Amino acid sequence: MKRSDIIRTVKVHFRRMRMCDAAAVVDVVVESMIDAVANGDRIEIRGFGTFQPRPRATKVGYNPVTGKPMNLPANTTILFKPSRELTKKMNG
């Protein structure tokens, strides 16, 4: 599902809403989620899952071409954990 599909679904659900207003709603929600995760907050969407920033430590990696070791810096990634409802629906 793409962004345009989500906007179309919002537009169909709220019939009096214009397409540009539906796009603005989707953009505000996505921006709010991005800002929250960037600030280190956990996002929980009931029935869908949780998004949580997860720090990664520095580690030694290897260059695949030369085989030489190289230091990989610490960074932060995002962990998504699906809800039980979503997992049940996906698995049948």
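The text that follows walks through the structure, step by step, so that each part is easy to find.

Conventions and cut-offs
Residues numbered from 1 in each chain as written. Predicted model: local features only at pLDDT ≥ 70, side-chain atom pairs only at ≥ 80, totals over all residues. Heavy atoms only, no water. Core = buried A, V, L, I, M, F, W, Y, C linked by side-chain atoms within 4.5 Å. Buried < 20%, exposed > 50% of the residue type's maximum accessible area, 1.4 Å probe, protein only. Helix = DSSP H or I, 4+ residues; strand = E, 2+ residues; numbered from the N terminus. Contact = heavy atoms within 4.5 Å. Pairing = 2+ DSSP bridges. Axes fitted to C-alpha atoms, helices over the stretch in contact; angles between N-to-C directions. Parallel < 35°, antiparallel > 145°, perpendicular 65-115°, else oblique. Left-handed = near helix turned anticlockwise from the far one by under 90°. 1 Å grid on protein atoms, 1.4 Å probe; cavity = no way out; pocket = protein on both sides within 12 Å on 5 of 7 lines; lining within 4 Å. Points joined across faces, edges and corners; volume = space filled by probe spheres on them. Nonpolar A, V, L, I, M, F, W, Y, C, P; charged D, E, K, R; others polar.

**A few points about the nonpolar core**
Then, in step 1: With five residues, the main nonpolar core is built from Ile-7, Val-10, Ala-22, Ala-23 and Val-26.
Then, in step 2: When residues of this core are traced back to their parent elements, those giving at least two are α1 (3-13) and α2 (19-38).
Then, in step 3: With three residues, α2 is the single largest residue contributor to this core.
Then, in step 4: Residues within four places of Val-26 in sequence aside, it is in contact with Ile-6, Ile-7 and Val-10.

**Brief notes about the sheet that holds strand β2 (residues 49-56)**
Then, in step 1: One open sheet holds the three strands; their spatial order is β1-β2-β5, and the pairing between them is antiparallel. Two strands in the sheet have a free side with no partner beyond their single neighbour: β1 (43-45) and β5 (75-82). Averaged over all pairs of adjacent strands, the angle between their axes in this sheet comes to 25 degrees, without regard to strand direction.
Then, in step 2: Across three bridges, β1 lies against β2 in antiparallel orientation. Across the sheet, residue Glu-44 finds its bridge partner in β2, namely Thr-50.
Then, in step 3: Each of β1, β2 and β5 touches α2; the most contacted strand, β1, lies at about 140 degrees to it.

**Concerning the pairing of strand β3 (residues 59-62)**
Then, in step 1: Judged from the four bridges that link them, β3 and strand β4 (residues 69-72) form a sheet pairing that is antiparallel. Of the residues in β4, the one forming a bridge with Tyr-62 is Pro-69.
Then, in step 2: What sits between β3 and β4 in their antiparallel hairpin is a turn of six residues, with Gly-67 showing a positive phi close to 80 degrees.

**Structural notes on the packing of α1 against α2**
Then, in step 1: α2 packs onto α1 with a crossing angle of 120 degrees between their chain directions and a minimal axis gap of 9 Å. Looking at the two axes, α1 sits oblique to α2. Of the two elements, α1 crosses α2, and the hand of that crossing is right-handed. Contacts from Arg-3, Ile-6, Ile-7, Val-10 and Lys-11 in α1 reach Met-19, Ala-22, Ala-23, Val-26 and Asp-27 in α2.

**What about the layout of surface pockets?**
Then, in step 1: Counted as a void, the largest pocket has a volume near 330 Å³.
Then, in step 2: As for the largest pocket, its lining consists of 14 residues, and the residues nearest its centre are Ile-6, Val-26, Val-29, Val-30 and Met-33.
Then, in step 3: Contributions of two or more residues to the lining of the largest pocket are made by α1 and α2.
Then, in step 4: Among the elements that take part in the lining of the largest pocket, α2 stands out by supplying eight residues, more than any other.
Then, in step 5: When the residues that make up the lining of the largest pocket are grouped by side-chain class, the tally is 11 nonpolar, no polar and three charged.
Then, in step 6: Around the second largest pocket, the lining residues are Arg-42, Glu-44, Ile-45, Arg-46, Gly-47, Gly-49, Thr-50, Lys-81, Pro-82, Ser-83, Arg-84 and Glu-85.
Then, in step 7: For the lining of the second largest pocket, the elements supplying multiple residues, two or more each, are β1, β2, β5 and α3 (84-90).
Then, in step 8: Of the residues assigned to the lining of the second largest pocket, the class counts are two nonpolar, four polar and six charged.

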